[in-house]
Structure formats: C-alpha cells, structure tokens
Amino acid sequence: MAHGDTSGGFEKTPGWLDWYDGPSKPAFRLPAGAVDAHCHVFGPGAQFPYAPERKYTPCDASAEQLFALRDHLGFDRNVIVQATCHGADNRALVDALRRSDGRARGVATVRRDVTPEQLAELHEAGVRGVRFNFVKRLVDRVPTDSLAEIVEKIRPLGWHVVIYFEAEDLPELYDFFSQIPTDVVVDHMGRPDVTKDPDGPEFGLFLRFMRENPNVWTKVSCPERLSVSGPRALNGERHAYTDVVPFARRVVEEFPDRVLWGTDWPHPNLKDHMPDDGLLVDYIPQIATTDELQRKLLVDNPARLYWPEGA
Ligand SMILES: O=C(O)c1cc(C(=O)O)oc(=O)c1
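Every value quoted in this text rests on a predicted model; they were computed, and no experiment measured them.

### Overview of the site of the ligand
Right, so step 1: Taken together, 16 residues form the shell around the ligand, and within it Tyr56, Thr84, Arg131, Arg137 and Tyr164 come nearest.
Right, so step 2: At 3.5 Å from an oxygen atom of the ligand is found a side-chain nitrogen or oxygen belonging to aspartate 264.
Right, so step 3: When the ligand is considered free in solution it has 330 Å² of accessible area, and contact with the protein chains removes 100% of it.
Right, so step 4: The class makeup of the residues in the shell around the ligand is five nonpolar, six polar and five charged.

### Remarks on the pattern of salt bridges
Right, so step 1: Across all of its chains, the model carries 30 salt bridges by this definition.
Right, so step 2: One salt bridge in this structure joins arginine 98 and glutamate 124, with 2.8 Å as the shortest N-O distance. A residue pair is termed long-range when its members are at least 10 positions apart, and arginine 98 in helix 2 (residues 91-98) and glutamate 124 in helix 3 (residues 116-125) qualify at 26 residues.
Right, so step 3: On the basis of relative accessibility, which here comes to 42%, the residue arginine 98 falls in the partly exposed class.
Right, so step 4: Taking the relative accessible area as the measure of exposure, glutamate 124 reaches 56% and is therefore exposed.
Right, so step 5: Between glutamate 254 and arginine 211 there is a salt bridge whose closest N-O contact spans 2.6 Å.

### Considering the state of the cysteines
Right, so step 1: Summed over all chains, the structure comprises zero disulfides.
Right, so step 2: Left without a disulfide partner, cysteine 85 is nearest to the cysteine sulfur of cysteine 59, which lies 9.7 Å away.
Right, so step 3: Since its relative accessible area comes to 0%, cysteine 85 is described here as buried.
Right, so step 4: We note that cysteine 222 lacks a disulfide partner, and the nearest cysteine sulfur, in cysteine 39, lies 11 Å from it.
Right, so step 5: On the basis of relative accessibility, which here comes to 0%, the residue cysteine 222 falls in the buried class.

### What to know about the pairing of strand 2 (residues 77-81)
Right, so step 1: Most of strand 2 sits out of view: five of its five residues are buried.
Right, so step 2: Residues of strand 2 alternate between two faces, with Arg77, Val79 and Val81 on one and Asn78 and Ile80 on the opposite face, all of them buried.
Right, so step 3: Note that strand 1 (residues 35-39) and strand 2 share three bridges and pair parallel. Looking at strand 2, one finds that aspartate 36 is bridged to asparagine 78.
Right, so step 4: Tracing the backbone out of strand 1, into helix 1 (residues 63-73) and back to the parallel element strand 2 gives a crossover that is right-handed.
Right, so step 5: Pairing geometry for strand 2 and strand 3 (residues 104-108), over four bridges, is parallel. Directly across from valine 79, in strand 3, lies its bridge partner arginine 105.

### Some thoughts on unusual backbone geometry
Right, so step 1: Proline 231 follows glycine 230 through a cis peptide bond whose omega is -5 degrees.
Right, so step 2: Structurally, proline 231 can be placed in the loop between helix 7 (223-226) and helix 8 (245-254).
Right, so step 3: A cis amide bond, omega 0 degrees, links tryptophan 265 with the succeeding residue proline 266.
Right, so step 4: Among the secondary structure elements, proline 266 is positioned in the loop between strand 8 (259-260) and helix 9 (277-281).
Right, so step 5: Although it is not a glycine, aspartate 101 adopts a positive phi angle of roughly 55 degrees.
Right, so step 6: Among the structural elements, aspartate 101 can be located in the loop between helix 2 and strand 3.
Right, so step 7: Residue classification places aspartate 101 among the exposed residues on the basis of a relative accessible area of 71%.

Calculation rules
Residues numbered from 1 in each chain as written. Predicted model: local features only at pLDDT ≥ 70, side-chain atom pairs only at ≥ 80, totals over all residues. Heavy atoms only, no water. Near = heavy atom within 4 Å. Polar contact = N/O pair within 3.5 Å; in protein donor to acceptor, adjacent residues only side chain to side chain. Areas by Shrake-Rupley, 256 points an atom, 1.4 Å probe, with all protein chains shown as cover. Nonpolar A, V, L, I, M, F, W, Y, C, P; charged D, E, K, R; others polar. Salt bridge = Lys/Arg side-chain N within 4 Å of Asp/Glu carboxyl O. Helix = DSSP H or I, 4+ residues; strand = E, 2+ residues; numbered from the N terminus. Buried < 20%, exposed > 50% of the residue type's maximum accessible area, 1.4 Å probe, protein only. Disulfide = S-S within 2.5 Å. Pairing = 2+ DSSP bridges. Right-handed = clockwise from strand over helix to strand, strands pointing away.

Written out as structure tokens, the structure reads:
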C-alpha cells in the first residue's frame with residue numbers, strides 16, 4: 001500500500017494532502033532526550049476505524065511510521081495526541097502507546113460519562129492528559145459544564161488538559177480556561193493570526209492569559225499551519241516560516257519553562273503544502289536561540305509534564 005492510502009473502505013477527504021515521504025535529515029542536531037510533544041496517529045482505518053462523527057477522513061499514518069520518523073529526525077520520545085478523526089475512540093492511540101516501549105505518552109479524548117476504570121486503563125497505557133477542542137471546523141462544541149465534569153474526573157490521576165482554540169475565540173473562553181485547576185497546555189499558541197502585530201491586542205491577550213495563569217503551558221508548534229508568507233519548509237529551506245518566528249520566539253523567551261514543541265505529524269488538514277519534517281526541525285533554532293532554551297523546550301519541559309517519574 002502506498003503511504004498516503006486510507007484503508008478499511010474509507011475515502012480521503014477531497015484535496016487531502018498526504019504526509020511528506022522521505023523527509024531530509026535535520027541540520028539542527030536535537031539534544032539527547034528530545035521529545036516530539038505533539039503528533040498523531042491515523043488508523044490505519046482497516047484496524048482502527050475513523051469515528052462516524054469525524055469532520056475529515058485522513059490518509060493512514062500508523063504508529064510504525066511515526067516511530068520511524070522519530071528515529072529519522074533524532075527524537076527520543078513522542079507525545080501522541082488523539083486526533084479528532086478518531087473522536088473519543090482512543091484505541092489507535094492506546095495501541096501506539098503500548099507498542100512504544102514506554103517511549104510515548106498520550107493525550108486522549110473522553111466523554112463526560114467516562115468511568116474511573118476506563119481512565120485507569122488509559123493511564124496504564126501512558127495517557128497523561130485529555131484534549132478539549134474548540135475549533136469549529138473540527139468538532140461540535142461540547143458544553144463547558146461537561147468539560148468541567150471531565151476535569152474533576154481526571155484530576156485525581158494528576159493529568160492535565162490540552163486545549164485547542166483559535167485566537168478570535170479566546171475572549172469568550174478566557175474565564176472558563178482560567179478556572180481549570182490542573183495544568184493546561186494550549187495547542188499551537190492559540191492559533192494567532194500572524195499577519196497581525198505580535199505586540200498588538202490579539203496576541204497580547206494570549207500573553208496575558210499565560211502571565212495570569214502560571215499553570216498554563218503552550219506548544220510553540222505548527223508554523224506550517226500558521227504561516228501566511230512562508231517560506232515553506234521545502235526544497236532545502238532551513239529558515240522556514242519567518243512570519244511566525246516573532247510570535248513563537250516571544251513566548252519561548254518569556255515563558256521558557258512552560259513551552260513544548262512538536263512536529264504535528266502527519267499534519268492534518270493542511271491545504272497549501274505538506275512540509276518536509278526534517279526542515280521543520282530546522283525551524284526550532286529560530287525560535288529557541290540558545291542551548292539552554294532548546295534544552296528546556298525539547299527535553300526538560302516535556303519530561304516534567306509527561307515523564308515526571310524520571311523514566
Ligand atoms: O488544525 C487542524 O486541523 C488540526 C487538527 C487536529 C485534529 O484533528 O486532532 O489536530 C491538530 O493539532 C490540528
């Protein structure tokens with residue numbers, strides 16, 4: 001089967017871009033113990049069917065393919081985040097975690113009726129957080145009282161909450177997010193509009209959110225998704241997505257102990273181009289410019305959140 005196929009009788013969403021086959025070796029040498037703290041597995045659909053309520057059907061992207069990419073790029077470990085195309089069916093995620101030899105942790109999606117037994121099983125497999133998604137093209141909105149109930153259920157396990165939202169929705173969600181008592185991790189810097197000023201009110205609100213809430217962390221990931229003017233991480237470009245750099249660098253420098261980075265492989269729903277993941281790794285030194293910042297971003301911070309026992 002070609003890498004970009006979808007198995008199990010599923011048909012890819014029209015215009016779907018498959019993950020990049022044969023990525024380059026990064027020029028940037030990742031520090032020992034580096035964690036790719038945001039990536040996904042898709043299916044394979046024949047084994048782990050896509051959820052009936054999904055908003056897109058991807059190409060397959062298996063655990064083996066993810067682990068091969070990890071080794072090729074020079075990462076040591078992964079944090080695998082439940083993708084919305086699998087809904088609250090975490091079987092593909094759990095299978096990948098179980099086959100990682102302890103080298104992957106997970107973030108699951110659960111519903112309000114999840115039982116303590118189900119949570120214990122997810123924990124045993126390596127899940128350490130739940131994801132709440134507020135991006136309208138990806139999910140139907142779940143009421144905040146359901147989410148608050150889930151927070152109460154996961155809290156005793158020491159888990160955190162990952163939130164994915166777009167910058168324009170932060171004002172409405174600010175108070176709800178601010179009262180979550182666990183650690184909170186914001187996906188992709190809350191998706192700023194990078195054509196706006198990093199010193200302007202929109203990104204200013206996000207920075208204020210992080211300043212006011214010391215339990216909030218963020219992934220300074222997805223420049224390929226946020227960039228408008230590029231240049232793209234393709235054709236040997238080792239200084240890609242310079243329009244996103246001022247935003248990510250600002251966050252890394254103000255909150256060096258609360259930032260994470262991940263490839264976002266296999267990059268769901270990109271419309272413009274699929275990045276070469278090796279060149280995407282070469283983006284990192286543009287936003288974390290010293291050895292110390294790189295070590296915190298890639299090694300120390302993800303270890304504290306996902307492997308606190310020091311394994
Ligand atoms: O922007 C997206 O389309 C996207 C989708 C998903 C998902 O479907 O879970 O995850 C991401 O991190 C980003």
